[in-house]
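# Reading the structure
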Amino acid sequence: DLAGAKRRIPWSFEESLDKVMQLLTNYSTYEKGGEFHFSRAPIIGERQLIPYTAARAMVPDGKIALPGRDKELQDLLLWLGASNKFGGSGVTRAPVPVVNQGPGFGKTSFLLLGAEALHHEIKIMRQRHGRPPPIVAMFGYNERMSTPIDCTNLRLTFGQALALRIFWAGLECMGCTRLLEWADVVRLLRYEQRASVVRKGLEDPAAAVELLRLLYGKERDVLLFADELLKGIEICRESPNGTLLGRSIYSLMDRNKANMPEQAKTHVVISAMSYERIDMTGSNRLILDLYMAPLFGRVGADVAIHLLKKFEGVPGNQEDDSNLHFESDLQSYARFICALSGGHARVLVNTVKTLCDQTTANTFLDLKERTAIFNVMKRSDVLPSPAGSDEHVMLNHILSPRVWKAPADLLNLTIPTANGERLASNLIHQGVVAPSPFCDGIVLDVIPLKFLDRRKRTSISTPGSVLSLLDSLLQPKDGRASTYGERVSAFFTAYALSSMPETLLDDILPTANAQLKQCTGVSWSFNSSRFDASRVDLHDLEWFEKPIVDEYGDKIKDPWCKLCQHFKSTVMGLPRSSDHWKARLILAPPNCPAIDYVVHFYMRCNDANDSAADVVFGVQVKTAFSDADAAATILSKVKKSNDFLADHQAGLGFNVSLCFHVGNTLNQSELAAMPAEVQIVTGKEFGQHFLPSLTGLLSIDDSS
């Protein structure tokens, strides 16, 4: 009798339950259910559910886990113990778990994982005392619950709207039948009698929890998961601010008593893109920061490999396939996808799915060809939306400062653009906030493909800017995975030569300044306070595409001989200065032994003969090796390259100092084992100066 909502105030819980169930089932005869299963959670759509199930299947023996999320899950399980022990009041009360990161990094998937794990843990704990498993309610403001409630016109408080979401989601998660879809429930609220049921029967979130217990068992714990909290403010507009909305949810834990195992507890986990916008200082609550870090390196590649193996359009997945190199090709292909996605979970998964969806019964993925990956990643349904019309300005900005910001400083940082200033906190929703892998704090960043995609950017990149330098280097015609590691290493070197302080060069080419000063008494200097990429001559990056001939006019095919001939033919007539060193960067031809690019410093000495001064570095790039003997593998390659140069450097006409840029991080004993005359720069050094999205390109290992 919905009309009774106007006649009797207040209602008992039993009467409230009866009328609210009439509203949510539209008077249908329903089965209440009573068992939780993650597939029914309304916070996730079918497109997300498939990769979540596939990722869960990667874990052996049915263990509840997700690749790359072991630490965060362990922290959540430890928190459950603290929540039971310390309760929800007093100075020792348990913190509030907040799963946070930008869009697409797996927050919702981790909530599903957390729901499975906590449900399992509590179920085992309660079974010992003959009690049933917990009730689970997973609600949010997207997917199946994206329809907003017009609180103003319906005369509902934000607490009543929140209570309705919690109760409906609890019924859905627990398997209640004949339940109306969320959009239909919201539509029915246009009728006053229906809206009045919510006002009288679901006064606040605490009432929703009590009704769930009345329906499923008063002795049952309640697990409450709130997904994408900030969307409730900015999109659905059902709460005035994040602080008030968050407190209305996590305050449900205030009733938990310390050291009372027999009490039915309420546990709350929150997901939001930024926990800083949910101020908890007034509530004396601490935060358990569950940050969804990008799936870098081997973890992300393993996810991509597992997903690729699910599709028939991948060569090697058929029983009669005779491709003996399938595994190595597949691993290289997966690492390439992972590196370009920057470990962004949604981009990684959508890229693999779209690539495989494009195959047919008679076509297969070409695991040697990379163009398809770029084309797929640029699609609007795969790559997150850009950060606005001033994206190129933002990219220039985040490439230039090398200061790692503390969270509070970063959120208040303003970025000047053609359309005024933009707060960095607004960019969090574009998924461009990342942790520093080697320093404390976080930094503005984007996924690597943003740097590799020249759409509409070539014409707006300022000549001599960081972005124009990056644009120049990260556009190889060669589609090999390792090429991008070589090019980003060249960018790091060119950047160090184009900016203040000069000491940055000491980290990228460790002995360069010492050798320059020893040669002429002058080290590398940079007189401008602004970045200026024109200081470095990039020297016709694709020069090796043209025919190179020897002194007899015959074409040179050998890559090393081609490099030597080109170097010697261009060294004559260089515009040398007697005041300062100049530099040029020459990329080596593909498959060139020992060297991937040359850094040539040149100057004119102030002596009677006006003699030339030259210092030459050869840089070889080895992207991260994933095997257990990575250090031994690198050592063997360093020795091989060093021996080759010892025998062949005369072909260049100069002594060459060898510098190795490697994606791995090596310890002191591993570094000590390297030849003393070879300089080694590791991923750790690069990570202290450059963005994770760029240093991540050094994680690609092209086994071919």
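For the structure itself, consult the block above.
Residues numbered from 1 in each chain as written. Predicted model: local features only at pLDDT ≥ 70, side-chain atom pairs only at ≥ 80, totals over all residues. Heavy atoms only, no water.

Once that is clear, we can look at the overall build of the protein. Helices and strands together make up the secondary structure of the protein, namely 27 helices and 15 strands. Across the 704 residues that make up the protein, the buried fraction comes to 56%. Taking the contacts inside the protein whose residues are at least 6 apart along the sequence as the reference set, 72% of them involve residues at least 24 apart. Total accessible area computed for the protein in this model is approximately 29700 Å², and 51% of it derives from carbon and sulfur atoms. (Helix = DSSP H or I, 4+ residues; strand = E, 2+ residues; numbered from the N terminus. Buried < 20%, exposed > 50% of the residue type's maximum accessible area, 1.4 Å probe, protein only. Contact = heavy atoms within 4.5 Å. Areas by Shrake-Rupley, 256 points an atom, 1.4 Å probe, with all protein chains shown as cover.)

To continue, consider the sheet that holds strand β3 (residues 222-226). Reading across the sheet, the five strands line up as β2-β3-β4-β1-β5 and stay open at both edges, with parallel pairing between neighbours. Either end of the sheet is taken by a strand with one partner, and the two such strands are β2 (135-139) and β5 (287-291). Ignoring which end each strand starts from, the neighbouring axes of this sheet average 20 degrees apart. Here β3 pairs with strand β4 (residues 266-272) via five bridges, running parallel. Along β4, the bridge assignment pairs V222 with T266. Together, β2, β3 and β4 form the strand contacts of helix α9 (residues 205-216), whose direction differs from that of β2 by roughly 140 degrees. Helix-sheet contacts for helix α11 (residues 242-250) involve β1 (96-100), β2, β3 and β4, and the interaxial angle to β4 is about 155 degrees. (Pairing = 2+ DSSP bridges. Axes fitted to C-alpha atoms, helices over the stretch in contact; angles between N-to-C directions.)

Relative to the helices and strands, Q679 is located in strand β15 (residues 679-681). The class of Q679 is buried, set by a relative accessible area of 8%. A distance of 2.8 Å separates polar atoms of two side chains, one belonging to Q679 and the other to T511. (Polar contact = N/O pair within 3.5 Å; in protein donor to acceptor, adjacent residues only side chain to side chain.)

Here we come to the nonpolar core. L308, F491, L509, L563 and F601 are the most contacted members of the largest nonpolar core, which has 105 residues in total. In this structure, L509 is in contact with T493, V599, F601, F617, V619, C659 and Q679, ignoring residues within four places of it in sequence. In terms of nonpolar packing, the next biggest core, distinct from the first, is built from 93 residues, F36, V98, F110 and L212 among them. (Core = buried A, V, L, I, M, F, W, Y, C linked by side-chain atoms within 4.5 Å.)

Moving on, we get to the pattern of salt bridges. By the definition in use, this model includes 14 salt bridges. Across the pair R155 and E192 runs a salt bridge whose closest N-O atoms are separated by 3.2 Å. With R155 in the loop between α5 (151-154) and α6 (158-173) and E192 in helix α8 (residues 192-201), the pair connects residues that are 37 residues apart, well separated along the chain. When its relative accessible area of 53% is taken as the criterion, R155 is described as exposed. Under the relative-accessibility criterion, E192 is labelled partly exposed at 31%. K309 is paired through a salt bridge with E327; the nearest N and O atoms lie 3.2 Å apart. With K309 in the loop between α12 (297-308) and α13 (326-341) and E327 in helix α13, this pair connects stretches of sequence that are 18 residues apart. Taking the relative accessible area as the measure of exposure, K309 reaches 38% and is therefore partly exposed. On the accessibility criterion, E327 (36% relative accessible area) is partly exposed. (Salt bridge = Lys/Arg side-chain N within 4 Å of Asp/Glu carboxyl O.)

Attention now goes to the packing of helix α2 (residues 46-57) against helix α4 (residues 107-127). Relative orientation and spacing of two packed helices are given, respectively, by the angle between their axes and the distance between those axes. At a minimum axis distance of 10 Å, the contact between α2 and α4 shows a crossing angle of 55 degrees. Regarding the angle of α2 to α4, the classification is oblique. The interaxial crossing formed by α2 with α4 has right-handed handedness. Counting all contacts with α2, which are made through Q48, Y52 and R56, the residues of α4 involved are T108, S109, L112, L113 and E116. Classifying every residue of the contact of α2 with α4 by side-chain character gives three nonpolar, three polar and two charged. (Parallel < 35°, antiparallel > 145°, perpendicular 65-115°, else oblique. Left-handed = near helix turned anticlockwise from the far one by under 90°. Nonpolar A, V, L, I, M, F, W, Y, C, P; charged D, E, K, R; others polar.)

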